[in-house]
Amino acid sequence: MLAGKAGPARQWAIDHQIRVGRYLGAADFVPVSQAHIMADTESLGVSGVEWLERLAALPEHERRVRIPTITDPRGTDFAAAARLKHQEWMLALERRVITAFEALGVLMTDTCINYQTIMPAVFGEHMAYGDTGVVIYSNSVLGARSNFEGGPSALAAALTGRTPRYGYHLPERRRASLLLRIDHTPHELHDWGALGGIIGRIAGDYWQVPALVGIDRVPTSDELKHFGAALASYGSVALFHMVGITPEAEHAVDRSLTVKAAITEADVRTFQAAYRAGVDKVDVVVFSAPQLSLMELRELAAMLDGRRATIPMLVVTSPQVKPDADRFGLTARIEAAGGLVLSGMCFYQSYAREMAEANGWQTLATSSAKLVNILGGYGYRPVLLSMRECVDAACSGRIG
Amino acid sequence: MIEFRAVAAMGGRVRGHALVAKDGFSARYDLNRVNGVFSRPEHKLAGQSYVGRILVLDAAKGGVATAWMLKEMTARGVMPAALALNRVNPIMVQGAALAEFTMISGFDVDITTVVPNGALVEVDAEATPPCLRVLAEV
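Asker: Would you take a moment to explain the overall build of chain B for this structure?
Answerer: For chain B, the count of helices and strands is four helices and nine strands. In terms of overall dimensions, chain B is globule-like: its C-alpha atoms have a radius of gyration of 13 Å, near the 14 Å expected for 138 residues. The principal-axis extent of the C-alpha atoms belonging to chain B is close to 35 × 30 × 25 Å. Per-residue burial over chain B gives 58% buried out of 138 residues. At a minimum sequence separation of 6, the contacts of chain B that also span at least 24 residues come to 74%.

Structure representation (structure tokens):
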């Protein structure tokens, strides 16, 4: 491949992987069974789209991916683009990327919850996953082996069928480096997100592996989804262990580790209150990041029955969940209450800055800790609330 | 001249004025890539232009978008000259590799405490071992 005998796409891919692997100390490669590519067009820009199109123009045998390869959310929901005030140039870029990926043999799943909907990893399975939430959930809850693979590297793995063996592909890297005692097991999803955010700030970087003791019940998949997504967002963390709950915790936490910090309910409330301070009026409510599961949509629909949103309320799910939400009447109930159910995008990957400017949005309420962490840099004033508080905010336009 | 050796680097030999903070780096979370400034209000460099500067920061943060964004920033010319970090994550390495961007990391001191803000510095990714040189203080 490096000599170019398999064509320029695979030549680029293996060269890219060698350079990344050398930097990060990989001794060799490991075969991977799936790749998951993050490639929204806000991140790619015109130059990235053109680069993908050059790969897509190669002969079929040179350009097709070698393993099942799926995609993270796209930059719009074409069915609702006008309501979001996405502009034609954004849609044109999105269409070009979709065409290019399809030519490469990529399945356009457009989801960041593939571990709930597509084909979850099996314990010990090596993957090349993009989207930090996918990586941390798959590593920690399912026992998969993946590093954060950004779009280019996930594509490289798809083209070569392997990835450099460093980081969380190595057993010794998966041991806990940081022990935390949790004195309060969260109840609601935004509490789990806040806990993830707090631990992410303590952990501080990719190479830390936090282990939690004290979680007093088995969390649901959605709870671990919000916890992991926030931990990965605030800390760039890719793997955690929960003693008594996650599959590697029993063997990955050394008895010599001492508790670095204890996290209480007051810490969670303080974390949430910091975002809420001084905010009264809300411009938009967003449920996204990660995309909502069927269970979250069901819960939201029940909260909205008999109520009416007075400000925009965006509800984002995956193309796999949306048909079931339609079939079960959840979409209709949410939209009857004034919500807009979106599919295949994620709010922060969908030209968030341009949406704010076009719609006059500044203060945004959400139940996603990950989203509040990201959107400050996009010019929003984000507020972290429970799902019920978000519904109240959507109906009144105010907080509290 | 003071020289700080690092564990790893990629790219070339780049000179510029340092923009230093004990804070993280993520292209999506921290930057307004249109205007070329740090935009996350909580970031210690909020409001400051990063264009043409050698960023000296603590750790790579955030999600996976930086892997594409460094190339996109390079194509538009609204980018730092180089990046020096105490600790990288794979995304930063992948992004630098795609964009042919100069980056260095893994010093035996906290690099954010020894490089003066505004100093003229040189990142030499071609040296063995790679290093960051402080050529002249402000």
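Asker: What am I meant to see in the overall build of chain A here?
Answerer: Broken down by element type, chain A carries 18 helices and 14 strands. Relative to its length of 400 residues, chain A is compact, with a C-alpha radius of gyration of 21 Å against a globular reference of 21 Å. Over its C-alpha atoms, taken along the principal directions, chain A stretches across nearly 65 × 60 × 35 Å. The burial tally for chain A puts 55% of its 400 residues in the buried class. Contacts in chain A between residues at least 24 apart in sequence constitute 80% of all its contacts with a sequence separation of at least 6.

Asker: What is the right way to read the sheet that holds strand 8 (residues 120–124) of chain B from this model?
Answerer: Sheet strands line up and pair through hydrogen bonds in the backbone, either parallel or antiparallel. Residue and element names in this part refer to chain B. One closed barrel holds the seven strands; their spatial order is 1-7-6-5-2-8-9, and the pairing between them is mixed. The mean angle between the axes of side-by-side strands here comes to 40°, regardless of whether they run parallel or antiparallel. Of the strand pairs in this sheet, strand 5 (residues 54–59) and strand 6 (residues 82–87) are connected by five bridges, and their pairing is parallel. Each bridged residue has a counterpart across the sheet, and for Ile-54 the counterpart in strand 6 is Ala-82.

Asker: Looking at this structure, I do not really get the interface of chain A and chain B. What am I missing?
Answerer: Often, the extent of an interface is quoted as the loss of accessible area upon association of its parts. The interface of chain A with chain B comprises 32 residues on the first partner and 32 residues on the second. Those elements giving two or more residues to the side of chain A that touches chain B turn out to be helix 1 (8–23), helix 2 (41–56) and helix 8 (151–160) of chain A. Tallying contributions element by element places helix 2 of chain A first for the side of chain A that touches chain B, with five residues.

Asker: Would you explain the nonpolar core in this entry?
Answerer: A general tendency of soluble globular proteins is for nonpolar side chains to be buried together. Among the nonpolar cores identified, the biggest contains 173 residues, and Val315(A), Val56(B) and Ala84(B) are the most heavily contacted of them. When residues no more than four places from it in sequence are discounted, the contact partners of Val56(B) are Ala18(B), Leu19(B), Val20(B), Ala84(B), Ile111(B), Thr112(B) and Val115(B).

Asker: Please clarify how the sheet that holds strand 4 (residues 128–129) of chain A should be interpreted in this entry.
Answerer: All names here are of chain A. Spatially, 3-2-4 is the arrangement adopted by the three strands of the open sheet, whose pairing is parallel. Either end of the sheet is taken by a strand with one partner, and the two such strands are strand 3 (69–71) and strand 4. Sheet topology note: the strand 2 (residues 35–37)/strand 3 ladder contains three bridges and is parallel. Directly across from Ile-37, in strand 3, lies its bridge partner Thr-71. Across the sheet, helix 8 touches strand 2, strand 3 and strand 4, and the angle it forms with strand 2 is around 145°.

Asker: Please clarify how helix 9 (residues 189–203) of chain A should be interpreted in this entry.
Answerer: The periodicity of an α-helix, 3.6 residues per turn, causes residues three or four positions apart to be oriented the same way. Residue and element names in this part refer to chain A. Helix length check: helix 9, at 15 residues, gives a terminal C-alpha distance of 21 Å against a target of 21 Å (1.5 Å per residue), a fit within 8%. Across the 15 residues that make up helix 9, a large majority, 13, are buried. Backbone geometry just after helix 9 places Gly-204 at a positive phi near 85°.

Asker: Could you clarify how one ought to interpret the packing of helix 2 of chain A against helix 5 (residues 88–104) of chain A in this entry?
Answerer: All names here are of chain A. At a minimum axis distance of 9 Å, the contact between helix 2 and helix 5 shows a crossing angle of 40°. As summarised for this structure, helix 2 and helix 5 are arranged oblique, according to the angle between their axes. At the point where helix 2 passes helix 5, the crossing takes the left-handed sense. Across from Thr-41, Leu-44, Val-49, Leu-52, Glu-53, Leu-55 and Ala-56 in helix 2, the residues of helix 5 making contact are Met-90, Leu-93, Glu-94, Arg-96, Val-97, Ala-100, Ala-103 and Leu-104. When the residues that make up the contact of helix 2 with helix 5 are grouped by side-chain class, the tally is eleven nonpolar, one polar and three charged.

Asker: Please explain the environment of Arg74(A) as it appears in this structure.
Answerer: All names here are of chain A. Note on placement: Arg-74 falls in the loop between strand 3 and helix 4 (81–84). In this structure Arg-74 comes out as buried when scored by C-beta crowding, with 24 C-beta atoms within 10 Å. Distance from Arg-74 to Gly-7, taken between C-alpha atoms, is 28 Å for residues 67 residues apart in sequence. Aside from chain neighbours lying at most four places away, what touches Arg-74 is Asp-40, Glu-94, Asp-110, Gly-344 and Met-345.

Asker: What is the right way to read the domain arrangement of chain A from this model?
Answerer: Residue and element names in this part refer to chain A. Under the domain assignment used here, chain A contains domain 1 (8–168), domain 2 (175–272) and domain 3 (278–396). Each partner contributes residues to the interface: domain 1 has 15 residues there, and domain 2 has 16 residues. For the side of domain 1 that touches domain 2, the leading source of residues is helix 7 (residues 132–140), giving seven residues.

Asker: Whenever I open this one, helix 2 of chain A confuses me. Can you help?
Answerer: Across its 16 residues, helix 2 of chain A extends only 16 Å between first and last C-alpha, which sits more than 12% below the 22 Å expected from 1.5 Å per residue. The largest bend in helix 2 of chain A amounts to roughly 70° and is located at Ser47(A). Taken together, the buried positions of helix 2 of chain A are Thr41(A), Glu42(A), Ser43(A), Leu44(A), Gly45(A), Gly48(A), Trp51(A), Leu52(A) and Leu55(A). Those residues of helix 2 of chain A that are buried lie in contact with helix 1, helix 3 (60–63) and helix 5 of chain A together with helix 2 (66–76) of chain B.

Asker: How do you make sense of the packing of helix 13 (residues 294–304) of chain A against helix 18 (residues 387–396) of chain A when you look at a structure like this?
Answerer: Helix packing for two helices is described by the angle between their axes and how far apart those axes are. All names here are of chain A. The geometry of helix 13 relative to helix 18 is characterised by a closest axis approach of 10 Å and an angle of 45° between their N-to-C directions. One way to sum up the angle between helix 13 and helix 18 is to call them oblique. Considering how the two elements wind past one another, helix 13 and helix 18 form a crossing that is right-handed. Where helix 13 approaches helix 18, its residues Glu-299, Leu-300, Met-303 and Leu-304 are matched on the opposing element by Met-387, Arg-388 and Val-391.

Asker: I would appreciate a short explanation of unusual backbone geometry in the present structure.
Answerer: A negative phi holds for most residues other than glycine; trans holds for most peptide bonds. Residues and elements named next belong to chain A. The omega torsion across Ala-289 and Pro-290 is 0°, close enough to zero to call that bond cis. Checked against the element boundaries, Pro-290 lands in strand 10 (residues 284–292). A positive phi angle is found at Asp-110, which is not glycine, with a value near 55°. Relative to the assigned elements, Asp-110 resides in the loop between helix 5 and helix 6 (114–117). For Ala-289, which is not glycine, the phi torsion reads 60° and is therefore positive.

Reading the values: rules and limits
- Residue positions are given per chain, counting from 1 as you read along its sequence in written order.
- The order in which chains are written sets their letters, starting at A; the order in which ligands are written sets their numbers, starting at 1.
- For this predicted model, a pLDDT threshold of at least 70 governs which residues receive local features, and a threshold of 80 or more governs which side-chain atom pairs are given and counted, while totals over whole chains, interfaces and linings are taken from all residues.
- We count a stretch as a helix when DSSP gives it H or I for four or more residues in a row; a strand needs E for two or more, and each element gets its number in order from the N terminus.
- The size measure is the radius of gyration over C-alpha atoms, and the globule rule it meets is 2.2 Å times the number of residues to the 0.38 power.
- Exposure criterion: with C-beta atoms placed from backbone coordinates, a residue whose C-beta has 20 or more other C-beta atoms within 10 Å is buried, one with 12 or fewer is exposed, and one in between is partly exposed.
- Residues are treated as contacting if the C-beta atoms built from their backbones sit within 7 Å of each other.
- Here the rule is simple: two strands pair whenever DSSP picks up at least two bridges between them.
- Helix axes are fitted to C-alpha atoms over the stretch in contact, other axes to C-alpha atoms as well, and angles between N-to-C directions run from 0 to 180 degrees.
- Under the definition applied here, buried Ala, Val, Leu, Ile, Met, Phe, Trp, Tyr and Cys residues are grouped into a nonpolar core through C-beta atoms within 7 Å.
- By this rule the span expected of a helix is its residue count minus one, scaled by 1.5 Å.
- Each angle gets one of four labels, with under 35 degrees taken as roughly parallel, over 145 as roughly antiparallel, 65 to 115 as roughly perpendicular, and the rest as oblique.
- Here a crossing is taken to be left-handed if its near helix is turned anticlockwise relative to the far helix by less than a right angle, and right-handed if that turn runs clockwise.
- Residue type decides the class: Asp, Glu, Lys and Arg count as charged, Ala, Val, Leu, Ile, Met, Phe, Trp, Tyr, Cys and Pro as nonpolar, and the leftover types, Gly among them, as polar.
- The start and end points of each domain follow an automatic or database-based domain assignment.
- Bend, at a single residue, is the angle you get between axes fitted to the 7 residues ending at that residue and the 7 residues starting at it.

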